[in-house]
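# Secondary and tertiary structure notes
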Amino acid sequence: MSTLMTRKGFEKYTQIYGSSLEHWPDSIRDAAGHFQQRHPADANRILQEERPLDQLLTQTPVLKASARLQARVMSTFPAAQHQSEHKKFAITSWLINGILMQNNAIPAWSIILTVMLVSGFVGGYSGYAHTLNQTGATEIIADAFGAEDSAFLTEETST
Amino acid sequence: MPEDTGHTHGLSHYDPDGDLVVRIAQGDHQAASELVMRHLPKMVALANHMLADATEAEDIAQEVFVKVWKHAHKWQPGVAKFETWMHRVAINLCYDRLRRRREIYTDQIPDREDKNTPKTDQGIIDAQLSAHIEGALQRLPPRQRAAITLCHLREMSNIEAADSMQVSVEAMESLLARGRKGLRKLLAGQAAELLESEG
């Protein structure tokens, strides 16, 4: 059911929503239509006054999205990263489920996997530390690329 | 979260982008591509109406999508339409740019003359008119410009536009009325010519 719209109300909404009743909100369009039927001369004069601005607004230039921009935007989509994070999470939860959720019984395969993972980490870390301590690798690399009298440069110039 | 304006009862619960957003959160490249095809033109056009600078408008559009990729997994369907949220992000990014600009420049209106203006007489007249209209739009305060852009140029409903701008429908109507009044004043000459040409 629509309430009656006054001339003042019709004028006010025309100045807000413009001269085309199709663009007015649903909630007031019926009332506006009734006003137009009851007072066609008034309504048309009010709409007519507002029409040039609406026509001018249709001439506002619209920037198009280029194919180059589309490609640029798509290049920011981190699909691979999301998927790998999802997979990592899936493996972790599979292991946790295997160890903790199996009716108090810890299956052999999950213990084996856990031991393999832990020993891999520990072994890898200790091996890395051992290598550096044994040879002073950091210093050797720094010498080779940083100092002018390093072995690397000497070898290069002597050949 | 959107401010509760008490006027969002007209929003439909169906979100045409809802499915795409779920797939994007799972890393679906095809869904991302569909969302870009659907909304990139709107984001670029909106940002350009707000900033009158094509390069900056493209940057804003890209930033909006980067935020989409980042926040898609947090999206809660039914709270607001995803497109409304995208518009809100774009508008806020535009406000930031305008604020930064104000700190750098004074009150300069960017030169909007199109370098690719058509060479025919009518083409030149049309291009000049377009530049004049866009110039007038740029003279409006940013919030009035945003309201005019969303309701009259993007043809959003008043409720969606108000939601995008995080204001009540009444505040949106006030911005629209003041914006249109400003434009009428700035474009009075062009409007009179238009009426004359129509006889």
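What counts and what doesn't
- Residues numbered from 1 in each chain as written.
- Chains lettered and ligands numbered in written order.
- Predicted model: local features only at pLDDT ≥ 70, side-chain atom pairs only at ≥ 80, totals over all residues.
- Helix = DSSP H or I, 4+ residues; strand = E, 2+ residues; numbered from the N terminus.
- Buried ≥ 20, exposed ≤ 12 C-beta atoms within 10 Å, placed from the backbone.
- Domains from an automatic or database assignment.
- Axes fitted to C-alpha atoms, helices over the stretch in contact; angles between N-to-C directions.
- Parallel < 35°, antiparallel > 145°, perpendicular 65-115°, else oblique.
- Contact = placed C-beta atoms within 7 Å.
- Nonpolar A, V, L, I, M, F, W, Y, C, P; charged D, E, K, R; others polar.

## Here we look at the overall build of chain B
Each helix and strand counted, chain B has nine helices and zero strands in total. Element order for chain B, N to C, with α for helix and β for strand: α-α-α-α-α-α-α-α-α. Within chain B, the fraction of its 199 residues that count as buried is 38%.

## Structural notes on the domain arrangement of chain B
Interface size, as often reported, equals the accessible area lost upon joining of the parts. Residue and element names in this part refer to chain B. Domain assignment breaks chain B into domain 1 (12-108) and domain 2 (113-199). Placing the centre of domain 1 and that of domain 2 at their C-alpha centroids yields a distance of 22 Å. Counting only elements with at least two residues in the side of domain 1 that touches domain 2, the list comes to helix H2 (29-51) and helix H4 (82-104). No other element matches H4, which puts six residues into the side of domain 1 that touches domain 2.

## Some thoughts on the packing of helix H6 (residues 142-153) of chain B against helix H8 (residues 169-186) of chain B
Residues and elements named next belong to chain B. The contact between H6 and H8 brings their axes to 8 Å, and the two run at 95°. In terms of axis orientation, H6 runs roughly perpendicular to H8. In this structure, H6 uses Arg143, Gln144, Arg145, Ala147, Ile148 and Cys151 to contact H8, whose residues at the interface are Met172, Leu175, Leu176, Arg178, Gly179 and Gly182. Its residues assigned to classes, the contact of H6 with H8 shows six nonpolar, three polar and three charged.

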